[in-house]
Amino acid sequence: MSSYQQVRVYHEDEQDEIELRNVNNEDEQDEKVQGSLGRWEDPWILLVTITLVLMTPSFFFGVILLYQLTGRMHPSLFISLHQTLALWIAYYRIPQQDNKTPTSGTRTCFRFLVFCASGLDFVLLVLVYPFLIHLLIEYLWTDEDGTTIIEWSRFIHQFHTLKYIGWGVVLFRCLIGGAAVGIRIAKRYNPAYGVWRPTFWLPCNSTTRDPVLVQSHYRRILTWSIRASLFLNFVGFLSAWSHFGPWPMPLQHYKDCDPLDPTECVLPFPSFHHVVNDETTATGWRVNLKGHILPPLRGGLQLHPGFLNELDGFSTMAPLLFYIDGLKEAHEQGANIVQLRGPEQIELSVTRESITLLLDVEAQELVYHSAEIDYLDPIRPLVMVFPSRPLKHNTHYALAVINAADTEGHRLSPTDGMQQIFHSSNSAQRTRFREVVIPALETAAPWWSFAKDPQSLQLLFDFPTISENSQLGPIRGVRDAAIAHIQKWDWSDHARVIKVEEYDCDVDLIARTIHGELDVPWFLDSFGAGGRSAFLDRDAVESGTPVTIGQAKFIVRVPCSVKKAALGQNGGKPLRAIMEFGHGLFGNRGEVKEGFLSRMAHDNGYILTAMDWRGMSSYDLPVVIKTLIGTPRLFQAVRDNLIQGYANKFALQHFSQNGM
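What counts and how
Residues numbered from 1 in each chain as written. Predicted model: local features only at pLDDT ≥ 70, side-chain atom pairs only at ≥ 80, totals over all residues. Heavy atoms only, no water. Axes fitted to C-alpha atoms, helices over the stretch in contact; angles between N-to-C directions. Helix = DSSP H or I, 4+ residues; strand = E, 2+ residues; numbered from the N terminus. Parallel < 35°, antiparallel > 145°, perpendicular 65-115°, else oblique. Left-handed = near helix turned anticlockwise from the far one by under 90°. Contact = heavy atoms within 4.5 Å. Nonpolar A, V, L, I, M, F, W, Y, C, P; charged D, E, K, R; others polar. Phe/Tyr/Trp six-rings, centres within 6.5 Å; stacked < 30°, edge-to-face > 60°. Buried < 20%, exposed > 50% of the residue type's maximum accessible area, 1.4 Å probe, protein only. Lys NZ or Arg CZ within 6 Å of the ring centre and 35° of its normal. Pairing = 2+ DSSP bridges. Salt bridge = Lys/Arg side-chain N within 4 Å of Asp/Glu carboxyl O. Core = buried A, V, L, I, M, F, W, Y, C linked by side-chain atoms within 4.5 Å. Arc of directions from axis to C-beta. 1 Å grid on protein atoms, 1.4 Å probe; cavity = no way out; pocket = protein on both sides within 12 Å on 5 of 7 lines; lining within 4 Å. Points joined across faces, edges and corners; volume = space filled by probe spheres on them. Disulfide = S-S within 2.5 Å.

Draft legend 1. Structural view of the packing of helix α11 (residues 468–486) against helix α16 (residues 635–658). Where α11 contacts α16, the two axes come as close as 9 Å, and the packing angle between them is 30°. Comparing their axes, α16 and α11 come out roughly parallel. For α11 against α16, the interelement crossing comes out right-handed. Contacts between α11 and α16 involve Pro 474, Ile 475, Val 478, Arg 479, Ala 482, Ile 483 and Ile 486 on the former and, on the latter, Ile 643, Tyr 646, Ala 647, Phe 650, Ala 651 and His 654. Taken together, the residues that form the contact of α11 with α16 break down as eleven nonpolar, one polar and one charged.

Given below as structure tokens:
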């Protein structure tokens, strides 16, 4: 090789080394360059925009969606924390406005954090959130026939939208990040691209727009977004603390509490203390519960009496509740010869061997009942008294606690409230007790005398029961109107087959499963999306005119034995009955597919039918959960949907007898 060629090769090697050094120092140069916003080497503006335009609104919307679904903020706390992290990462993606060049270690640490955050986004947005959405839709909002529950269709569409947005965010990030990394690798390993500065299009002129001003605008937007996200986190933590914090809550006493039982403001319950005179009702009374005296739910949520205050008395089937200090311990130790009589000893509940006596004041008769401790509150457990059969409507009842003793067998003193009542001279309650209730109790329980032993009466409270029309009127109104309408129908116009499943009788006991849909008279104030939280339309119930014609789905299962009999084949059994199956609490009509039912139908020649019990099916579970943890007023919707369920059941029974 000539000296000229050696010099030339040396010069080319030196030039390559200089260009390689320039490429290796590219990151430091990029931090100092403020001229262009649309550079692919550092597409921060694209990544931050995706966070602001796609991720942040979808996160906020997800928080709102979960709040609408549950009535509380803490179920969305994880989402709001994820949102805050994404906003912080976006904030620090923006190049610094000063001229300080970050060290190599700082850049490496930040890139590692960004990589971890991006990996977390990928796992959550692509895998975790879609999986949870799938579970929610599959097990709560997908019908037995494979279709979606119409009342939850809005939530289903919105959750699917959020899922697709999450996938879109990850896809855009992968494309942008892949392009940026590819360009950096190309420039690093191919010196020919050393001075290549590829850019992307922006709505503004990125070469003339001041980058510092743009960065400042983005920081300002992100700052306010982070503050809003932190506020959501704070509210979510407060919600979680109130729900999962100390329980039960400290006792609250108000001037309108019942003085008979100082344990809880509403106790004893039920009582005349919670009714007012109302001459327009059948009983002459009207329930007058106040929200602040009712025991709160977890989180301090007040119960709203709502429709309960429209009733003219108390339930004929609900338990009677009270508390006396020391009674639980004595009952557990068996210190009392006379004690609470549970369901195994109901026959003793009307004798001197029971400390609780349930009295029909008007008939002057004792009522059989059971009494037991409610351990839901281990500190102040209530005593629950259950009548052995429904009480009579529009009747005056009373409950007396007599001769209860403590753990040492010493008789407990009357409650402070009892002593105050009998020491007061101008008390309507004292007069009623003295002149009406106690004489009736002495007649019904001749072994006891108040005059001889007034200290033996430790607690006494009385109450009126609801009238028949007030308790059963809405149910009977819906029943009568539904039957009146469906009796006129030709079911060929009001029943539809959705899907038919055929089975091999050589293998299965069931030959065919038919998924169908019936028209039903609808008495709720709405049908369709959101209808699981609907209330009864009072005008429709009273007039007997349905609000609209809704739909209810059902299943028919035909056993192989009935099919063979119909086709004249050997081994068949003629149809003996059409049996309707009712599912368990928060189940659904799919339970009719249980093996023991198939065997029973096949062996006996039964056709099986089933329909969801609206109000208490698995598809109503979100409403019940929301009622219990966030929105107590929806309890009326649970009751009203149960009543609509009666109309649905009547339609199925009429169809089974006349249209199937």
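Once you've had a look at it, read on.
Draft legend 2. Inspection of the packing of aromatic side chains at higher detail. Counted by the stated rule, this structure contains 20 aromatic pairs. Plain terms: the ring middles of Trp 141 and Phe 155 are 6.0 Å apart, the flat faces sit at 35° to each other, and that makes the pair tilted. Taken together, the residues span a long stretch of sequence, with Trp 141 in the loop between α5 (104–140) and α6 (153–189) and Phe 155 in helix α6 at a distance of 14 residues. Since its relative accessible area comes to 0%, Trp 141 is described here as buried. Judged by relative accessible area, which is 6%, Phe 155 ranks as buried. An angle of 75° between the planes, with centres 4.8 Å apart, marks the rings of Trp 522 and Phe 527 as edge-to-face. Residue Phe 527 is classed as partly exposed on the basis of its relative accessible area of 27%. Its guanidinium or amino end placed over the ring of Phe 155, Arg 154 lies 4.6 Å from that ring's centre, counting from NZ or CZ.

Draft legend 3. How the structure looks around the sheet that holds strand β5 (residues 365–367). Across the sheet, four strands lie side by side as β5-β4-β8-β9; this open sheet has antiparallel pairing. The open sheet terminates on both sides in strands that have one partner only, identified here as β5 and β9 (457–464). Between one strand and the next, the sheet's axes are offset by a mean angle of 30°, whatever the strand orientation. With five bridges connecting them, strand β4 (residues 356–360) and strand β8 (residues 396–402) associate as antiparallel partners. Opposite Leu 357, over in β8, you have Ala 400 as the bridge partner. Against the sheet, helix α10 (residues 428–444) contacts β4, β5, β8 and β9, and its axis sits at roughly 105° relative to β9.

Draft legend 4. Geometry of the pattern of salt bridges. Taken as a whole and judged by the stated rule, the model has 24 salt bridges. The shortest N-O distance in the salt bridge between Asp 620 and Arg 532 comes to 2.9 Å. Separated by 88 residues along the polypeptide, Asp 620 in the loop between β14 (606–611) and α15 (621–629) and Arg 532 in the loop between β11 (510–522) and α12 (538–543) bring together distant segments of the chain. Residue Arg 599 pairs with Asp 603 through a salt bridge whose shortest N-O separation is 3.3 Å.

Draft legend 5. Local environment of the nonpolar core. Of all hydrophobic cores here, the largest spans 56 residues; its most connected members are Phe 322, Leu 457 and Leu 460. Leave out the neighbours within four places in its chain, and Leu 460 touches Leu 260, Ala 398, Leu 399, Ala 400, Met 418, Phe 433, Val 437 and Ile 438. Grouped together as the second largest cluster of nonpolar side chains are 48 residues, Val 48, Ile 94, Trp 152 and Leu 162 included.

Draft legend 6. Quick peek at helix α9 (residues 416–423). Where α9 is concerned, the buried positions are Gly 417, Met 418, Ile 421 and Phe 422. Projected down its long axis, α9 carries its buried residues within an arc of 130°, all on one side. Along α9, the residues that are exposed and aim more than 90 degrees away from the buried face are Asp 416, Gln 420 and His 423. Along its buried surface, α9 packs onto α10 and β9.

Draft legend 7. Spotlight on the sheet that holds strand β7 (residues 382–387). In spatial order, the strands read β3-β7-β6; together these three strands make up an open sheet with antiparallel pairing. Every interior strand has two partners, whereas the edge strands, β3 (320–322) and β6 (369–374), have only one. The mean angle between the axes of side-by-side strands here comes to 20°, regardless of whether they run parallel or antiparallel. The pairing of β6 with β7 spans six bridges and is classified as antiparallel.

Draft legend 8. Quick look at empty space enclosed by the protein. Within the structure shown, the criterion is met by two cavities of 30 Å³ or more. In this structure, the largest cavity encloses a volume near 70 Å³. The wall of the largest cavity is formed by Thr 51, His 82, Leu 85, Ala 86, Ile 89, Ala 90, Arg 93, Ala 117, Ser 118, Asp 121 and Arg 173. Those elements giving two or more residues to the lining of the largest cavity turn out to be α4 (77–93) and α5. With six residues, α4 is the single largest residue contributor to the lining of the largest cavity.

Draft legend 9. Fine view of the pairing of strand β12 (residues 548–559). Counting buried positions over the twelve residues of β12 gives nine, a clear majority of the element. The pairing of β11 with β12 spans twelve bridges and is classified as antiparallel. By the bridge assignment for β12, Thr 513 is matched with Arg 557. Bridging between β12 and β14 involves four bridges; their strand directions are antiparallel. Bridged to Ile 555 within β14 is Ala 610.

Draft legend 10. Spotlight on the pairing of β14. Among the six residues that make up β14, six are buried, leaving the element largely enclosed by the rest of the structure. Covered by surrounding structure in β14 are Tyr 606, Leu 608 and Ala 610 together with Ile 607, Thr 609 and Met 611, the residues of both alternating faces. In this sheet, β14 lies alongside strand β13 (residues 577–581) in parallel orientation, the contact comprising five bridges. Bridged to Ala 577 within β14 is Tyr 606.

Draft legend 11. Quick look at the state of the cysteines. By the definition in use, this model includes two disulfides. Here Cys 257 pairs with Cys 265 through a disulfide, and the sulfurs are 1.8 Å apart. Taking the sign of the S-S torsion, -100° for the link of Cys 257 and Cys 265, the bridge is left-handed. Assessed through its relative accessible area of 11%, Cys 257 is described here as buried.

Draft legend 12. Inspection of the packing of helix α3 (residues 44–70) against helix α7 (residues 211–244) at higher detail. With their axes 12 Å apart at the nearest point, α3 and α7 run at an angle of 25° to one another. Classified by the angle between their axes, α3 and α7 sit roughly parallel to one another. Between α3 and α7 lies a crossing whose hand is left-handed. Where α3 abuts α7, its residues Trp 44, Ile 45, Val 48, Thr 49, Leu 52, Phe 60 and Val 63 lie against Val 214, Gln 215, Tyr 218, Ile 221, Leu 222, Ser 225, Ala 228, Ser 229 and Leu 232.

None of the figures reported here should be taken as evidence of function without further support.
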